Amino acid sequence: MIIVTANIIDFIAAMIQVVSGTIKKKSKILVVQIIQLLLQAVSMLLLGGVTGAVSNVLSCFRNYLCYKEKLSKSWKIVIILVSIVMTILLNDQGFLGIIPTVICTVYIIFMDVKDPIKFKLLVTLSFVPWIIYHFALRSYIGAIFDVATVISNGITLYLMIKEKKSEEV
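Predicted model only: the values in this text are computed from it and were never measured. (Residues numbered from 1 in each chain as written. Predicted model: local features only at pLDDT ≥ 70, side-chain atom pairs only at ≥ 80, totals over all residues. Heavy atoms only, no water.)

Quick look at the environment of Ser139
Phase 1 of the analysis: Its place among the elements puts Ser139 in the loop between helix H6 (116-137) and helix H7 (140-168).
Phase 2 of the analysis: Judged by its relative accessible area of 1%, Ser139 is buried.
Phase 3 of the analysis: Sequence separation between Ser139 and Ile8 is 131 residues; the distance between their C-alpha atoms is 9.4 Å.
Phase 4 of the analysis: Excluding anything up to four places from it in sequence, Ser139 contacts Asn7, Asp10, Ser43, Leu47 and His134. (Helix = DSSP H or I, 4+ residues; strand = E, 2+ residues; numbered from the N terminus. Buried < 20%, exposed > 50% of the residue type's maximum accessible area, 1.4 Å probe, protein only. Contact = heavy atoms within 4.5 Å.)

Structure, rendered in structure tokens:
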């Protein structure tokens, strides 16, 4: 029953994720993502994914700081360090439990990249490990939507590269 409940919660989060794709204003996107990430954190906790839940809560904090335009280099370092410390303290999943921290760290380090193609590549690649994490937790809805996100981002990335090449000719 816990698996079903967690997947229902994750489905709601996934629907919010899909809806956030239609929002154009960055501040609104960040707020909606906070709600989505909190729901996914609850789902992960129900399934025993403590480090994933911690990563999502830290991502909420990151998005809040970004929303308030206060996401400085110092805050990024603090978020990364808290993520690492919490993983060391709470990880009972072995290698699987490290995945959220690695994703969080890589994303935060490179999230300021100005090139939209490189940023889209970062977003796309950051979802790949989540597929593994969600599937291993039995968050099947999360894994399915992660795959869909990778595919849709991959297609968009391909079109962006193609468009850039046609502009250069």
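A closer look at the packing of helix H3 (residues 50-67) against helix H5 (residues 95-110)
Phase 1 of the analysis: Their axes nearest at 7 Å, the elements H3 and H5 cross at an angle of 20 degrees. By the angle class used here, H3 and H5 are roughly parallel. When you trace H3 past H5, the crossing you get is right-handed. Note on element contacts: H5 touches H3 through Gly97, Pro100, Cys104, Tyr107 and Ile108, opposite Thr51, Gly52, Ser55 and Arg62.
Phase 2 of the analysis: Taken together, the residues that form the contact of H3 with H5 break down as four nonpolar, four polar and one charged. (Axes fitted to C-alpha atoms, helices over the stretch in contact; angles between N-to-C directions. Parallel < 35°, antiparallel > 145°, perpendicular 65-115°, else oblique. Left-handed = near helix turned anticlockwise from the far one by under 90°. Nonpolar A, V, L, I, M, F, W, Y, C, P; charged D, E, K, R; others polar.)

Regarding the pattern of salt bridges
Phase 1 of the analysis: Evaluation of the coordinates by the stated rule reveals one salt bridge.
Phase 2 of the analysis: Linking Asp112 and Lys76 is a salt bridge whose minimum nitrogen-to-oxygen distance equals 1.9 Å. Placement of the pair is Asp112 in the loop between H5 and H6 and Lys76 in helix H4 (residues 73-90), with a sequence separation of 36 residues.
Phase 3 of the analysis: For Asp112, a relative accessible area of 44% corresponds to the partly exposed category. (Salt bridge = Lys/Arg side-chain N within 4 Å of Asp/Glu carboxyl O.)

Digging into H3
Phase 1 of the analysis: Between its first and last C-alpha atoms H3 spans 25 Å; for 18 residues at 1.5 Å apiece the expected length is 26 Å, and the two agree.
Phase 2 of the analysis: Glu69 sits one or two positions beyond H3 and adopts a positive phi of about 55 degrees. (Expected span 1.5 Å × (residues − 1).)

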